[in-house]
Amino acid sequence: MKIVLITPAGPSSRTGNRITASRWARILRRLGHRVRIAADYDGRPADLMVAIHAWRSAGAIERFKASYPTQPVVLLLSGTDIYHDITSDPVPTLRSMELADRLVALNDLAWRVVPKRLRTRLSVIHQSAAPLPRPRRPDQRAVVASVIGHLRDVKDPLRAAEAARLLPDESQVRIEQVGRAYTPEWANSARAEMAANPRYLWRDDVPAAAVRRLLSRSHAMVISSLSEGGANVISEAAIARVPVLASRMDGNVGLLGVDYPGYFPVGNTNALARLLQRLEREPRFPARLGKALARRAVLFRPAREIAAWRRLLADLNRQCSAEQRASGRALRTQTVEC
């Protein structure tokens with residue numbers, strides 16, 4: 001098939017949505033399809049549209065369906081879609097969901113905010129990650145808790161730094177953060193925190209290889225987001241066997257499982273500080289986190305993500321073929337035309 005993959009432009013080419021789009025394009029090409037990535041729909045014909053972000057891609061989806069009403073759309077529901085836009089700006093968000101033939105979510109609890117009438121269209125495809133190129137070697141000089149993600153409001157990015165301030169004077173916990181500041185205000189806040197907090201280092205945006213080196217040195221990874229659709233950094237940490245300390249909200253629980261022992265309440269600095277202290281003082285605690293994470297790691301294997309896409313496209317093809325037969329139209333063999 002000829003597939004157009006829409007991922008609206010963001011503040012950085014290394015946003016989560018863009019990284020997801022690039023990985024999905026590789027998967028779809030591996031499955032034998034021709035894929036072009038675009039920030040918007042330009043009117044060129046395609047057999048299938050895969051759109052990332054219901055609200056941001058609303059115009060592209062509308063134009064594609066107006067031009068090619070029988071061609072299917074697969075829509076990824078981003079965290080912003082399902083935990084913000086669906087209530088703050090529901091008309092375009094829900095319109096995109098209604099037009100889509102298939103909905104994709106990245107965590108197992110996303111169904112709870114999808115309207116009941118649309119849940120039969122929903123599939124969960126967990127984002128995969130590759131193993132570290134070399135065995136993990138946690139830092140020997142300090143207890144490194146990494147924070148990986150761009151600095152923006154929804155990530156609550158300085159929560160780990162603030163928690164580290166509450167640790168005893170003798171603590172060897174250090175917070176190392178990588179990720180671009182989305183605004184000058186966030187950059188200034190990170191620099192001010194470094195100046196005031198000797199346990200905190202912000203390294204700004206770094207290449208993917210440097211992120212993986214940081215994971216390899218980390219004793220734990222902290223994800224303190226206020227909401228998430230399904231952060232790929234959790235997949236990366238799970239595959240790398242790096243314990244995760246995570247805010248308890250659906251996007252994280254939908255990846256790590258309801259019984260995962262490393263949660264803290266969203267925005268609760270004291271609770272995160274207690275987890276960091278346990279990480280340092282209780283050898284059984286990181287071991288317990290590691291065992292729980294190992295049970296989830298199977299979800300994030302690349303082969304599993306590829307298989308999920310193969311099933312989704314096959315199901316879509318079967319549905320469209322049945323609809324075509326029911327309407328008396330001839331089946332085209334090279335498309336999944338609905």
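So, a few notes on the structure that sits alongside this text. Treat the numbers as computed from the prediction; the structure is a model and nothing was measured. Here, residues in each chain are numbered from 1, in the same order as that chain's written sequence. Two thresholds apply to this predicted model, a pLDDT of at least 70 for residue-level local features and 80 or more for giving and counting side-chain atom pairs, whereas whole-chain, interface and lining totals are computed over all residues. Calculation of side-chain values draws on the structure's entire complement of heavy atoms; hydrogens and water are dropped beforehand.

Comment: elements are numbered from the N terminus, with helices defined as DSSP H or I runs of at least four residues and strands as E runs of at least two. Assignment of secondary structure puts T7 in the loop between β1 (2-6) and α1 (16-30). Pairs of residues are marked as contacts when any of their non-hydrogen atoms sit within 4.5 Å. Not counting the four nearest positions on each side in its chain, T7 is found in contact with N17, R18, A21, I37, A38, A39 and I52.

Taken in spatial order, the six strands make up an open sheet running β2-β1-β3-β4-β5-β6, and their pairing is parallel. This sheet does not close on itself; its edge strands, each paired only once, are β2 (34-38) and β6 (122-124). On average, adjacent strands in this sheet sit at an angle of 20° to one another, irrespective of strand direction. One requirement defines pairing of two strands: DSSP has to find at least two bridges between them. Where strand β5 (residues 102-105) and β6 come together, three bridges link them in parallel fashion. Helix axes are fitted only over the stretch in contact, all axes being lines through C-alpha atoms; the angle between N-to-C directions runs from 0 to 180 degrees.

Among the nonpolar cores identified, the biggest contains 63 residues, and I175, M221, V244, L245 and L276 are the most heavily contacted of them. Other than its neighbours up to four places away in sequence, I175 contacts A145, V147, A160, A161, A164, R199, Y200, L201 and L276. Core analysis: the next-biggest nonpolar cluster, separate from the first, contains 25 residues, V73, L75, M97 and A105 among them. As used in this record, nonpolar core signifies buried Ala, Val, Leu, Ile, Met, Phe, Trp, Tyr and Cys residues forming a set joined through side-chain atoms within 4.5 Å. Only protein chains enter the accessibility calculation, which uses a 1.4 Å probe; a residue is then buried when its area is under 20% of its type maximum, exposed when over 50%, and partly exposed in between.

Next up on the list: unusual backbone geometry. You will see that H53, though not glycine, has its phi angle at about 85°, which is positive. Looking at the secondary structure, you find H53 in the loop between β3 (48-52) and α2 (58-67). Residue H53 is classed as buried on the basis of its relative accessible area, which comes to 3%.

What follows is about the pairing of strand β11 (residues 244-247). Of the two faces of β11, the one carrying V244 and A246 and the one carrying L245 and S247 are both buried. Taken together, the three bridges between strand β10 (residues 220-223) and β11 define a ladder with parallel strand orientation. Looking at the pairing, V222 lines up with L245 of β11. By convention a crossover is right-handed if, when the strands point away from the viewer, the path from the first strand over the helix to the second runs clockwise. Of the crossover connections in this fold, the one passing from β10 over helix α8 (residues 232-240) to the parallel β11 is right-handed. Two elements, β11 and strand β12 (residues 263-264), share two bridges in a ladder whose sense is parallel. Note that in β12 the partner of A246 across the bridge is Y263.

In short, the description is geometric, and any link to function would need to be established separately.
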